[in-house]
Amino acid sequence: MSKKPVLNAGDKTRERTKLWFNIRARWQIYLLLLLPLAYLVIFSYGPMGGLVIAFKHYNFSLGIFGSPWVGLDNFKRFFESYKFFQILANTLTLSFYSLLVTFPIPIVFALLLNAMPLRRYQKVIQTVTYIPHFFSTVVMVGLIFQLLNSRNGLYGSLMLFLTNQMPPDLLAVGTNFKHIYVWSAVWQSTGYSSIIYFAALSNVDPTLHEAALVDGATRFQRVLYVDIPSILPTASIMLILAVGNIMNVAFEKTLLMQNPLNINFSEVISTYVYKVGLASGINDFSLSAAIGMFNSVINFLLLIFANWGSRKLSGSGIF
């Protein structure tokens with residue numbers, strides 16, 4: 001293995017001089033970077049100082065840094081809570097279920113759309129499938145409630161027409177929550193999520209398809225041996241990002257879909273943090289911060305593991 005050359009003092013000086021020369025030569029571009037950089041510092045890195053609240057017993061009158069230290073007591077309270085395993089199980093179930101379903105379907109959809117010979121219909125299908133992505137979460141949940149209403153919704157009316165009996169309320173059965181949550185997300189996100197894969201497929205060298213046709217390859221074989229290998233690097237990056245965000249179940253949608261009948265199956269870490277920190281009468285900010293930090297650490301570890309696995313299997317990763 002070749003070693004990285006060691007730079008002497010003169011080389012380092014020349015490198016710094018070259019860097020400052022490039023900055024002065026393109027100062028307009030670096031000036032444009034100041035706004036997003038300031039945004040990151042103020043809203044992403046600045047608030048990290050407040051994470052110290054997770055290790056304190058927060059007192060509003062004393063402030064974050066004046067409140068007494070309690071060490072890992074807030075984490076112990078969460079781990080020893082009777083809701084810990086239930087909340088963790090619900091979060092992991094929804095997260096992995098969503099990943100297993102919502103990750104491959106946009107890839108398959110992009111492959112099918114790319115293989116469609118009629119480009120006019122391809123554009124129509126693309127437009128129609130993109131539209132649900134732009135529905136707000138409140139509108140999306142409202143549609144779910146209206147469609148699955150057992151009395152006057154599409155589901156209720158159709159079942160009553162076919163069976164002449166009042167159908168059961170799907171939204172009142174806790175075990176149905178994860179299926180409604182995931183498959184409604186498939187309907188909403190498949191079209192928009194397929195854009196990046198469709199863009200990757202449009203960059204495939206057409207001579208590869210021509211060579212495959214000359215060799216007698218079928219359309220399925222061209223998809224299998226030309227299209228899929230071409231989008232594997234993109235799919236690897238998207239999978240790493242999805243795994244790194246696996247513990248962040250959509251907070252707004254989950255909270256809006258919750259009801260007293262499905263709460264044991266729909267309570268996840270993000271909604272529990274909200275209820276502990278803001279929606280309860282106690283407003284335990286320290287405990288909610290500790291739970292949020294636990295969630296972020298798990299996400300970070302999963303991101304590192306996914307990136308390592310991707311580099312081992314496909315040779316590509318985000319770092």
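Cut-offs used in this document
- Note that residues are indexed from 1 along each chain, following the sequence as it is written.
- Thresholds applied to this predicted model are a pLDDT of at least 70 for local features of residues and 80 or more for the giving and counting of side-chain atom pairs; totals over whole chains, interfaces and linings are not thresholded and use all residues.
- For the side-chain quantities, the full set of heavy atoms in the structure was used; hydrogens and water were omitted.
- By convention in these notes, a salt bridge is any Lys or Arg side-chain nitrogen within 4 Å of a carboxyl oxygen on Asp or Glu.
- Working definition: with a 1.4 Å probe on protein chains only, accessible area under 20% of the residue-type maximum means buried, over 50% means exposed, and in between means partly exposed.
- Note on ring pairs: Phe, Tyr and Trp rings are taken, using the six-membered ring of Trp, and paired if centres are within 6.5 Å. Classes follow the plane angle, with under 30 degrees stacked, over 60 edge-to-face and the rest tilted.
- The secondary structure listing takes helices from DSSP runs of H or I that are at least 4 residues long and strands from runs of E that are at least 2 residues long, numbered from the N terminus.
- Throughout this description, the term charge over a ring refers to an Arg CZ or Lys NZ atom that lies within 6 Å of the ring centre and within 35 degrees of the ring normal.
- Here, residues are in contact when the closest pair of their heavy atoms is within 4.5 Å.
- Throughout, the arc means that of the directions going from the helix axis to the C-beta atoms.

(A) The pattern of salt bridges, seen in detail. Evaluation of the coordinates by the stated rule reveals 3 salt bridges. The partner of R219 in a salt bridge is D227, and the shortest N-O contact between them spans 3.9 Å. Looking at R219, the relative accessible area reads 29%, which means it is partly exposed. Note on D227: relative accessible area 0%, which makes it buried. For the salt bridge of K275 with E267, the shortest nitrogen-to-oxygen distance reads 3.1 Å.

(B) Layout of the packing of aromatic side chains. Inspection of every chain in the model, using the stated rule, returns 16 aromatic pairs. A ring pair is formed by Y39 and F43, whose centres lie 5.1 Å apart and whose planes are at 40 degrees; its orientation type is tilted. In this pair, Y39 and F43 both sit in helix α3 (residues 34-45), 4 residues apart, roughly one turn of the helix. By relative accessible area, F43 is classed as exposed at 55%. Seen in terms of ring centroids, F251 and Y274 are 5.4 Å apart; in terms of plane orientation they differ by 65 degrees. Their pairing is edge-to-face. You can see F251 sitting in helix α14 (residues 251-257) and its partner Y274 sitting in helix α16 (residues 269-279), a full 23 residues away along the chain. Exposure remark for F251: the relative accessible area of 24% places this residue in the partly exposed category. With relative accessibility at 33%, the residue Y274 sits in the partly exposed group. What links up through ring pairs into an aromatic cluster is the set F78, F79, F84, F85, Y272 and F294. Across from the ring centre of Y181, 4.8 Å away, lies the NZ or CZ of K253, which sits over that ring.

(C) The arrangement of the side chain of S98 in detail. Tracing the backbone through its elements, the reader meets S98 in helix α5 (residues 84-102). With near-sequence residues (within four places) excluded, S98 lies in contact with F103, Y181 and V182.

(D) Inspection of unusual backbone geometry at higher detail. Even without being glycine, N164 reaches a positive phi, approximately 60 degrees. By the element assignment, N164 lies in the loop between α9 (154-163) and α10 (177-193).

(E) Quick look at the environment of L303. Assignment of secondary structure puts L303 in helix α17 (residues 285-313). In this structure the C-alpha to C-alpha distance between L303 and P229, which are 74 residues apart in sequence, comes to 23 Å. Setting aside its immediate chain neighbours within four residues, L303 contacts I240, G244, I318 and F319.

(F) How the structure looks around helix α8 (residues 137-147). For α8, the set of buried residues is M140, V141 and I144. Along the long axis of α8, the arc covered by the buried residues comes to 95 degrees, so they all point the same way. Seen from the buried face of α8, the exposed residues on the opposite side, beyond 90 degrees, are V138 and Q146.

Read these as geometric descriptors, not functional statements.
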